[in-house]
Every structure is written in structure tokens, then in C-alpha cells.
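# Architecture at a glance
Here are the chains, one letter per residue:
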Amino acid sequence: MVVTFPPLYYDVSASLTSGHVVIERSHLSDRQGQCYEIALGLFKGAECYLNYQWLQAMMFAIEEINGNPDFLPNVTLGIQIYDSCLEPTQALQGTLWMLTGKQRHIPSYQCQRDGRLAGFVGDAGSSCSILMAHLLGLYRYPQISYFSTIPFLSDRSQFPSFFRTIPSDDFQFRGLAQLLRHFDWNWVGLLATDSDYAQNGAQVLKTELRKAGTCVAFSENVILTQPDRNAPYIAQVIRNSTANAIAVVSLDSHLVPLLNELVRQNVTGKVFIASEAWSTSALLSVKKYAELLSGTIGFAIHSGEMEGFKEHLNSAHPLNFLSDTFIKEFWEAAFGCQWQDYEVMQGSWNTTTNLCTGEEKLENLYGIYNDVTSPRITYNVYRAVYAIALALQNLQACKLGRGPFHHGTCGNISDFQSWQVPISLCSSSCPLGFRKAAKQGAPTCCFQCVVCPAGEISNQTGSTECSKCPSDQWPNSRQDQCMLKSIEFLAYEETLGAILGITSILLSLIPVAILGLFLYYRNTPIVKANNRSLSYLLLLSLALTFLSTLAFIGYPTPEKCLVRQVAFGITFTLCVSCILAKTLTVVIAFSATKPNSDLKKWIGPHFPYVIIGLCTFFQMLLCVSWLIFSPPFSEYNTQTQPGKIIIECNEGSSLAFWCMLGYLGLLAFVSFVVAFLARKLPDSFNEAQYITFSMFAFLCVWLSFIPAYLSTRGKYTVALESFAILISSSALVSCLFLQKSYLILVKSERNTKHYLMGRGSR
């Protein structure tokens, strides 16, 4: 097991072989030399007593465990110690050193010969613990911190092997907010150091204060990188503020410059609310700060009893703890003396310096070191060591067939893996993407894990509920994270949109070319016999129907949504109206030649245009009403297809759309019926057969379109309508004009009045 103590960060590795407790200082590099000086400096104040007491608590727990023959029989716990100096880089270096088992750390290699590394205890600071947890989580080494309270470390997905013997800050700062509310303090100041622990704590506290209706008068940071900790400025802010209650999230050692400045400026009348990191600090009993800190309140870490611990503390002696290189430093700080050999080694021997004789008695030392009336963090250290030892005991006591692993197997105490700490659970925690579902008739600890429903995620292990993603997002495949939905519309950049766009433009050139051909040969019998003015108008409308497809491709802007169905409906109505007018003209012309026919007075040069105008006007009236009362609009459709945002045109009124399409179908059906009935009229001037075929093809296309339109979604609905427009328009061009164009260009000898009249006489 590896135990870490800042500023004396001790890597305590569990050696599962016979042996004794060994504490050894690592060889010092240049950077470690700096760390060494920092460690020595920390032995000059009250903090050194507490830190060394933590070390002694770890050693006391090890000795208790090894001295109990019923606890881990035939196994002795050994320790390795490393000093992190409250430096994250040092903590990381020490962790690698301990994982490797060599002075020179080699990632992914374990060179330790004696014993097996069972786990880590530490660090105290959250910043160091986070770095350690990232590394140790890769190898699944258990890590137990006794003082890292940052809530971030509770995330099992990022820190699968991190544990602690102290509650998360979430609980502490909720409690502090309730404490402030209890005293009806709704106007408070907030101070926090710029460390991970303090910044996260301050953020949680702000959130809880806001929920409780408490306002923050000011929020300032104690900047640790500045020599004066930004104390003059902060003291001035406190002095000028009307807030008399000030919450402070910090370690006690970081507050000293600020407290000195507040005393210097004679700031009084403020009540400080302390976080657990300094609520029981020795600073509160310093006479210099008595008036300033009088009335300070806060939450303290729970304490416990360790029988025989005081005797263990007082038994420490440099001559008895030869392997403990820190005890001499502690002894000098505690008794105000210096060891002669140490001073000679350092080259700083001073004849006026009191010499340490070794006759000093720790039981006569009054201070934090041997005060065990209410051990708090020290007790957490003690429990952290026992947590790993108990896990090893469970591993040793495991019975084959009843173990926690596959088919009830157990880990081997002589050759175990770091992740083998046995569990006692009715049901394993549900992974990400799942939620707990109660088993009928079973206790609450027994449950089953079910996959989150479509559109919902679970981004925490052991979730009881799944949460819905925002409307513009969709779960990933594991359903543990919301991701932006893909946007879909029929774009010109994609293959389908490009093909439809190019095809519509190319096909629109065919009726334009035929129109030019008819204009050039406008005085020939074939062009004149087919009512050339109506043919011109029909060809123009066919070119427009091909081009109307372009309104369905590309980003569906509001303007495009307004235009596209109306353009399609009116151009096709004009086209079919022209065909109907041609058909009626042929029928009425042949019927009017019969004797005693009254149709002659109805036949005139303007009759076809009246038909076209009336039919088209009615469709235009329908479309204008549609645009006025319930116009189409662009919308984001997030419901039709999972994981996609379909940008489409909402038709506004489905009734208007189907009325427009139905009216177009009615005109085509009337044209088909009239042309079918007129198919046997004299062949010389009769287009009825071609119109019959064209209208039959037209009706087949659009009757097939209806069920297909209702069954498709997204961009394929738009593509289907565009395809129907192109196919039906192509059918009209092919049936009505290709044969005539062939005769004009290739069989010019048939483009004569004599030939046309001759065909009619056969």
C-alpha cells in the first residue's frame, strides 16, 4: 500500500512478505532538493506537528495490523514513503517511482522485487490526488485519500479506483449554505484560494447560496503565486464591504498573509465562516488573531479514537527510528535545538546553537503533536490504512466458488492483481447508458439495469433515471452522451440533389429547342395543323415545369417554401390547360362540321385561350388563398427521424396542398377522357391519340406518387416529388412533340399539306 502525506508525501507500498516497517527518503534530484528545503521550512510551525502526526498515525496502523496474529496471518505490511511537497509534479513523479519500484521511473514496468504493491494512500491535496488518480486509474490501483474533498473525484468514469475516507465537498458546502440561512445571513462575502479544492468548493457554495436566496456581496481569490497572496487588496475589499459574514474556502497556511494584513488594517466586526480545511486550525488559538477570528464558525471533520496512539507518539525517538529521516527535523523544530552532526554536514555550525541531546521528552511537549483528544484528519489516515488492509484480508479469506470473480473464483493473495478489492453487492452499479429498474419483490439494493429509451441518456454510473437530450441533440451509440443531430435537406452538394438539379436544367432545354424548331418551321403544315400558338404556349409551360424542380432543391428558406408548391401547381395547370384546350378545339372543330351543328357560333379564335385562362385562374385563386390564410413555412423537424434534424417546408395547410394537386388531377382526367373519346376522329388533324397516351402516362405517374409521398420522410419526400415532376413532364414532351420534331427534321417530305390530307383519305 502507498500512503501519501503532504507536505510529507509518503508512498506506503504494501509488501506481502515477511519483514518490518521501513521508511526511506528517496534520493534527491535538483528539484527534489528544493522540495527538501520546503519540507524543512514546514517543520518550523504548528503545521509540522500535525503533518508528522499523520505519518505516525500511518505507522501506528501498520504496527497494529502486523502485531495482530489474527489479522492477515503470514502477511506483513511494508511501507515506502515519498514526499510530494504539495507539488503536483512531485506527486506524479513519486507515483511513477513507486509503481516502477526503481529510483528512475519507467512507465508500464514493475521492477520491485520484494513484495507486491497493493494500494496507495494519499495525497491530501485535491490537485495532487487528481493527477495521481488519472495515472493509477489506468492500472486500477486502489487509491485512498484522507483529505481530498473535491467533488470531481467522485466521477467513477474518470477515476475508477479512487476512494476516500472524507466526505465530498458537495456535502460540506450544502451544509455551509444551510448554516448561513439558519442565521438569516443573506448578504455574505466569499474568499477562496486559486486551488482546485477552493475554486470547486466556492462554485458549489455559490450555487447553494443562490438556491437559498442568499446574495454574494463580493467574491475574491487568494492568489497563491503572489508572495503577499493579494492580501492588501482583499483586506481593503473586506474593510469597505457592508457584508459582515464572510465564507472562506482555504487551507489554514494560505490564510496567514491575509490574516496579518487584516490585523494590520485593524479590520474587526466580521464573522468568518470556515471550510473544514481550517475550521479547527491552530490559527484560531493564536493570540495575535484572537479579536479578528473571534466568533468564527464552520464544520469540522469527524474524529475518532485510536487506543494507544498517544503512547506511540511519545515513543518516537531519533535513536529508535533510525530509518525515519524526518524525525530529526521534527525533533529540532519541536525542541528548538540542532543535531551536531546535521549542522556539520550542512556547514552551518553555530556555537551559540542549542544542541539536541536526545534526552528531550515528547510527553513534555505541549502542542498539536501529542494532542489526541480529537484526532480528525489523523484518524482518516488511520482508517485509510485499515481500508486497504481489510481489503487484503477479504482477499485472503475468499473461498473458491464464493469469490467475486467469474464462476466464483478468488484472487491469489500471493499473486493478486491491483483491481482484485472483493465486493459485496446485490446488483452491480449500472454502467453509463443504463438506468436502474426495480425488481418486483426485491430490496432496493437489488435491481436490474435497463437501456435508456430512445432519445435519452445516462451519463453517470448507477443512475436511477435517464434524461432526455435537447431537441437539437441525440444520444450517441452508447447512450451516455448527447451529440448534435445531423442536419438533413436535399442539397445541391450531394449526389441526389446534384443529379436532379442538372437533369431539370437539361430537360428544360428540350422544350425550348422544340419551341425554336416550331418557330423556325412555323409555316409548315405540321406546325400549322397542330394549332401552333397553343403549341408555343404548351412548350413554354413545359420548360417552366422542368425548372420548377429547382425550387425543391437546396436549403429550404422561407421564400423558397412559399414559392415551390405554388410554382409547381400553376405551371402544370397551365400545361394541362393547354392540352385540354387543344383537345376541346379538335373535338369542337370536327363536331362543328356536321350539318345543322350549333357549335359554329361558339367556335372562334379566342376559345382555346378562354379555356386556358379559366382553368389557370381557378388554380391561381386556390394558391393565392393558400398563401394568404395558411402559407407554407420553413421548419426544423426533430421528430420524424431519430438523430436527424430535417430542415423542410411545412405546407401550412395539407388540405390546400391536396386540393391543388386534386384540381390538377381533375384537369388531366378530363383531358384524358375527352382525348380518348376523340381518338377515332379523322387522322389528318387529330392529336387525340397522342394526348390520350400523354395524359395516361401523366395520371399514372401522379397516382403512383400519392402513396409513395405519404410513406417517405425527410429529403426523400422532396426528391420523390421532384422526380415525379420530371417524369410526368418528360412524358408530355415525348408523346406530344418528339414524333412531330422527327418528321420536321428527318422526314421533311412528309411535312406537306398533300401528305397530311393523303393520310386522312387512306
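Here, the structure is the one placed above.
Attention in this report is confined to the structure presented alongside it. All values reported here derive from a predicted model rather than from experimental measurement. (Residues numbered from 1 in each chain as written. Predicted model: local features only at pLDDT ≥ 70, side-chain atom pairs only at ≥ 80, totals over all residues. Heavy atoms only, no water.)

## A look at the overall build of the protein
Broken down by element type, the protein carries 22 helices and 18 strands. A total of 762 residues make up the protein; the buried ones form 48% of that total. In the protein, 67% of the contacts between residues at least 6 apart in sequence involve partners at least 24 apart. Element-wise, carbon and sulfur atoms account for 58% of the exposed surface of the protein, whose accessible area totals about 37400 Å². (Helix = DSSP H or I, 4+ residues; strand = E, 2+ residues; numbered from the N terminus. Buried < 20%, exposed > 50% of the residue type's maximum accessible area, 1.4 Å probe, protein only. Contact = heavy atoms within 4.5 Å. Areas by Shrake-Rupley, 256 points an atom, 1.4 Å probe, with all protein chains shown as cover.)

## A closer look at the pairing of strand 18 (residues 644-650)
Here three bridges tie strand 16 (residues 486-488) to strand 18, and the two strands are oriented parallel to one another. Paired with Ile487 across the two strands is Ile645, which belongs to strand 18. In this sheet, strand 18 lies alongside strand 17 (residues 633-637) in antiparallel orientation, the contact comprising five bridges. Its bridge partner lying in strand 18, Asn637 is registered against Ile646. (Pairing = 2+ DSSP bridges.)

## Topic: the sheet that holds strand 18
Taken together, the three strands give an open sheet; going across it, the order is 16-18-17, and neighbouring strands pair in mixed fashion. Lying at the two open borders of the sheet, with one neighbouring strand each, are strand 16 and strand 17. Sheet twist, expressed as the mean angle between neighbouring strand axes with direction ignored, is 25°. (Axes fitted to C-alpha atoms, helices over the stretch in contact; angles between N-to-C directions.)

## Notes on the pattern of salt bridges
If you walk through the whole model with that rule in mind, you get seven salt bridges. A salt bridge links Arg174 to Glu208, with the nearest nitrogen and oxygen atoms 4.0 Å apart. In this pair, Arg174 is assigned in helix 5 (residues 169-182) and Glu208 in helix 6 (residues 196-211), connecting sequence segments 34 residues apart. Using a relative accessible area of 38% as the deciding quantity, one classes Arg174 as partly exposed. Here Glu208 falls in the buried class, since its relative accessible area comes to 15%. Salt-bridge contacts for Glu261 lead to Arg264; the nearest nitrogen and oxygen are separated by 2.6 Å. (Salt bridge = Lys/Arg side-chain N within 4 Å of Asp/Glu carboxyl O.)

## Regarding the pairing of strand 5 (residues 187-193)
On any regular strand, side chains alternate: one points to one face of the sheet, the next to the other face. The element strand 5 is extensively covered by neighbouring structure, given that six of its seven residues are classed as buried. For the handedness criterion, the β-α-β arrangement of strand 5, helix 6 and strand 6 (residues 215-222) is classed as right-handed. Note: strand 5 against strand 7 (residues 245-249), five bridges, orientation parallel. Paired with Ala192 across the strands is Val249, a residue of strand 7. (Right-handed = clockwise from strand over helix to strand, strands pointing away.)

## Considerations on helix 18 (residues 607-629)
Along its 23 residues, helix 18 runs 33 Å from first to last C-alpha, staying within 8% of the 33 Å computed at 1.5 Å per residue. By the burial criterion, the buried members of helix 18 are Pro608, Ile611, Ile612, Cys615, Thr616, Gln619, Cys623 and Trp626. (Expected span 1.5 Å × (residues − 1).)

## A look at the state of the cysteines
Taken as a whole, this structure holds six disulfides when the rule is applied. Shown here is the disulfide that connects Cys337 with Cys356, its sulfur atoms set 1.9 Å apart. Between Cys337 and Cys356, the S-S dihedral sits near 100°, and the bridge is therefore right-handed. Highlighted residues: Cys337 in the loop between helix 11 (327-335) and helix 12 (340-346) and Cys356 in the loop between helix 12 and helix 13 (377-397), separated in sequence by 19 residues. (Disulfide = S-S within 2.5 Å.)

## Quick notes on the packing of aromatic side chains
Following the criterion strictly, the structure yields 29 aromatic pairs and no others. Between Trp54 and Phe147, the ring centres sit 6.0 Å apart and the planes meet at 75°, which makes this aromatic pair edge-to-face. Separated by 93 residues along the polypeptide, Trp54 in helix 2 (residues 46-66) and Phe147 in the loop between strand 3 (143-145) and strand 4 (162-164) bring together distant segments of the chain. By the burial criterion, Trp54 is buried, and Phe147 matches it. Ring plane angle 20° and centroid distance 4.8 Å describe the contact between Phe183 and Trp185, whose orientation is recorded as stacked. (Phe/Tyr/Trp six-rings, centres within 6.5 Å; stacked < 30°, edge-to-face > 60°.)

## Looking at the sheet that holds strand 5
Strand order in the open sheet formed by five strands is 6-5-7-8-9, with parallel pairing between adjacent strands. With one partner strand each, in any of the chains shown, strand 6 and strand 9 (297-298) form the two edges of the open sheet. Packing against the sheet, helix 5 makes contact with strand 5, strand 7, strand 8 (271-274) and strand 9, and its axis sits at approximately 155° to strand 8.

## Things to note about the environment of Ser241
For Ser241, the position within the fold is in the loop between helix 7 (231-240) and strand 7. Each C-alpha atom, one on Ser241 and one on Val188, is 9.5 Å from the other, the two residues being 53 residues apart in sequence. Not counting residues within four places of it along the chain, the set of residues in contact with Ser241 comprises Ala217, Phe218 and Lys270. There is a polar contact of 3.1 Å between the side chain of Ser241 and the backbone nitrogen of Ala243. (Polar contact = N/O pair within 3.5 Å; in protein donor to acceptor, adjacent residues only side chain to side chain.)

## Overview of the packing of helix 19 (residues 654-677) against helix 20 (residues 688-711)
Closest axis-to-axis distance for the helix 19/helix 20 pair is 8 Å, and the angle between their directions is 150°. Between helix 19 and helix 20, the angle is such that the two are roughly antiparallel. The way helix 19 lies across helix 20 gives a crossing that is left-handed. Residues Phe657, Trp658, Leu661, Leu664, Gly665, Ala668, Phe669, Ser671, Phe672, Ala675 and Phe676 of helix 19 lie in contact with helix 20, whose contacting residues are Ala688, Ile691, Thr692, Met695, Phe696, Phe698, Leu699, Trp702, Phe705, Ile706, Tyr709 and Leu710. (Parallel < 35°, antiparallel > 145°, perpendicular 65-115°, else oblique. Left-handed = near helix turned anticlockwise from the far one by under 90°.)

## Considerations on the packing of helix 16 (residues 532-547) against helix 18
Interhelical geometry of helix 16 versus helix 18 gives an angle of 25° and a closest axis separation of 10 Å. Classed by the angle they form, the pair helix 16 and helix 18 counts as roughly parallel. Of the two possible hands of crossing, helix 16 and helix 18 adopt the one that is right-handed. Two secondary-structure elements touch here, helix 16 through Ser533, Leu534 and Leu537 and helix 18 through Pro608, Tyr609 and Ile612.

## Some details on the nonpolar core
Most often, soluble globular proteins keep nonpolar side chains buried together rather than apart. Counting 70 residues, the largest nonpolar core has Met58, Phe147 and Tyr369 as the members making the most contacts within it. The set of elements that each furnish at least two residues to this core consists of helix 2, helix 5, strand 5, helix 6, strand 7, helix 10 (309-314), helix 11 and helix 13. Ranked by residue count, the leading element in this core is helix 2, at eleven residues. With near-sequence residues (within four places) excluded, Tyr369 lies in contact with Tyr49, Tyr52, Gln53, Gln56, Leu313, Ala316, Phe330 and Leu362. Membership of the second largest hydrophobic core comes to 58 residues, among which are Ile514, Ala581, Val718 and Phe737. (Core = buried A, V, L, I, M, F, W, Y, C linked by side-chain atoms within 4.5 Å.)

## Concerning the environment of Leu72
Locating Leu72 in the fold gives a position in the loop between helix 2 and helix 3 (88-100). Sequence-wise, Leu72 and Gln393 are 321 residues apart; in three dimensions their C-alpha atoms are separated by 5.6 Å. Those residues in contact with Leu72 that sit more than four places away from it in its chain are Ile65, Leu77, Ala389, Leu392, Gln393 and Gln396.

## Focus on the side chain of Gln56
Of note, Gln56 is situated in helix 2. Non-local contacts of Gln56, meaning those with residues more than four positions away in its chain, are made with Phe309, His312, Leu313, Ala316, Asp324 and Tyr369.

## Some words on the side chain of Thr193
As for its position among the elements, Thr193 is in strand 5. Here Thr193 is in contact with Ala198, Gln199, Val222, Leu224, Val249, Ser250 and His254, once residues within four sequence places are set aside.

## A word on unusual backbone geometry
A cis amide bond links Gly122 to the next residue, Asp123, at an omega of 0°. Note that Asp123 resides in the loop between strand 2 (120-121) and helix 4 (126-139). A positive phi is found at Arg229, a non-glycine position, where the angle reads about 60°. Topologically, Arg229 is positioned in the loop between strand 6 and helix 7.

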